[in-house]
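# Working through the structure, step by step
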Amino acid sequence: MDGKISYHTLCSYFSQLRQTLMQWEREKEKNVFFLNNRAWYLYMAQKHCGRKTVAQVLEDMRCCMPLALTRESICRLWLSGAEAVALAESSKADFLLLLCYAKTDETLWQSLLEICDGLRRRSTGA
């Protein structure tokens, strides 16, 4: 994607992510534990989310994520290319974890959607 998404697409992605997280919650195996947020993210990133994977959806949403940084903004912080990619991936993992915590709280979920929409509008100039 070109980094710009519509409000309709943003809402659709939020809905698909919520469904994926709720399905994971219902189906998770009782004997599987993740050592940290990164391990959980790597597992969840490969899950189907609509017609894409969670990782692809989060990449499309990168301009709307409150914790996400673009390569350009990271470079301004004087990070190397590898460090920039690692920081961007870490912010996606943090955002997915935040969505996981919010999935059952409608008020929090709507607040996150509003924050992401505000960031979306600022990044697209809408």
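If you're wondering where the values come from, they're calculated on a predicted model, not measured in any experiment. For every chain, the first residue of the written sequence is number 1, and numbering continues from 1 onward in sequence order. Owing to the predicted nature of the model, reporting of local features is limited to residues with pLDDT of at least 70; listing and counting of side-chain atom pairs is limited to 80 or more, with chain, interface and lining totals taken over all residues. Here the side-chain values reflect all heavy atoms present in the structure, with hydrogen atoms and water set aside.

This next bit is on the overall build of the chain. In this description a helix means any DSSP run of H or I spanning at least four residues, a strand means any run of E spanning at least two, and both kinds are numbered starting from the N terminus. The number of helices and strands found in the chain is six helices and two strands. N-terminal to C-terminal, the α/β element order of the chain is α-α-β-β-α-α-α-α. Here's how the labels work: a residue is buried when its accessible area is under 20% of the maximum for its type, exposed when over 50%, partly exposed in between, all with a 1.4 Å probe on protein chains only. Expressed as a percentage of the 126 residues in the chain, the buried residues total 35%. Any two residues whose heavy atoms approach within 4.5 Å at even a single point are treated as in contact. The long-range share in the chain, meaning contacts at least 24 apart out of those at least 6 apart in sequence, stands at 70%. Only the protein chains shown count as cover for residues, and the accessible areas themselves come from Shrake-Rupley with a 1.4 Å probe. By element, 55% of the accessible surface of the chain is carried by carbon and sulfur atoms, the whole surface being about 7,800 Å².

So, about the nonpolar core. Among buried residues, those of type Ala, Val, Leu, Ile, Met, Phe, Trp, Tyr and Cys that are joined through side-chain atoms within 4.5 Å constitute a nonpolar core. In terms of nonpolar packing, the biggest core is built from 29 residues, with Phe 14, Leu 17, Met 61 and Leu 96 touching the most fellow members. Excluding residues that lie within four positions of it along the chain, Leu 96 makes contacts with Leu 17, Leu 21, Trp 40, Tyr 41, Met 44, Val 54 and Leu 58.

A few words now on helix H1 (residues 7–27). Multiplying one less than the number of residues by 1.5 Å gives the expected span of a helix. Helix length check: H1, at 21 residues, gives a terminal C-alpha distance of 30 Å against a target of 30 Å (1.5 Å per residue), a fit within 8%. Within H1, burial applies to Leu 10, Tyr 13, Phe 14, Leu 17, Arg 18, Thr 20, Leu 21 and Trp 24. All buried residues of H1 project into a common sector of 165 degrees when viewed along the axis, lining one side. Among the exposed residues of H1, those oriented more than 90 degrees off its buried face are His 8, Gln 19, Arg 26 and Glu 27. The arc in question is the one spanned by the directions pointing from the helix axis to the C-beta atoms.

A few words on the side chain of Thr 53. The topology assignment puts Thr 53 in strand E2 (residues 52–53). Given a relative accessible area of 17%, Thr 53 falls into the buried group. Contacts of Thr 53, omitting those with residues within four sequence positions, involve Ala 45, Gln 46, Lys 47 and His 48.

This paragraph deals with helix H6 (residues 106–124). With 19 residues, H6 extends 26 Å from end C-alpha to end C-alpha; this agrees with the ideal 27 Å at 1.5 Å per step. Residues Trp 109, Leu 112, Leu 113, Cys 116, Asp 117, Gly 118 and Arg 120 constitute the buried set of H6. We call two N or O atoms a polar contact when they sit within 3.5 Å, provided that within protein one can donate a hydrogen and the other can accept it, with sequence-adjacent residues counted only if both atoms are side-chain atoms. Among the residues of H6, the N-terminal cap falls to Asp 105, whose side-chain oxygen and the backbone nitrogen of Thr 107 are separated by 3.1 Å. The positive-phi residue at the C-terminal boundary of H6 is Gly 125, with phi of around 75 degrees.

For the rest of this paragraph, the subject is the pattern of salt bridges. The rule for a salt bridge is simple: a side-chain nitrogen of Lys or Arg has to be within 4 Å of a carboxyl oxygen of Asp or Glu. Taken as a whole and judged by the stated rule, the model has eight salt bridges. For Asp 117, the salt bridge identified is with Arg 120, shortest N-O distance 2.8 Å. Pair noted here: Asp 117 and Arg 120 are both in helix H6, with a separation of three residues, about one helical turn. In terms of burial, Asp 117 and Arg 120 fall into one category: buried. By sharing partners, the salt bridges in this structure join Glu 59, Arg 62, Glu 89 and Lys 92 into a single network.

Only centres within 6.5 Å qualify two rings of Phe, Tyr or Trp (six-membered ring in Trp) as a pair; their planes then separate them into stacked at under 30 degrees, edge-to-face at over 60, and tilted for everything else. Per the counting criterion, the structure on display carries three aromatic pairs. Judged by centre distance (5.2 Å) and plane angle (75 degrees), the ring pair of Phe 14 and Trp 109 falls under edge-to-face. Remark: Trp 109 occurs in helix H6 and Phe 14 occurs in helix H1; sequence separation between them is 95 residues. The residues Phe 14 and Trp 109 share a single accessibility class, namely buried.

In this section: the environment of Glu 106. With respect to the helices and strands, the residue Glu 106 is situated in helix H6. A polar side-chain atom of Glu 106 sits 2.9 Å from a polar atom in the side chain of Arg 18.

All quantities given are derived from atomic positions and should not be read as evidence of function.
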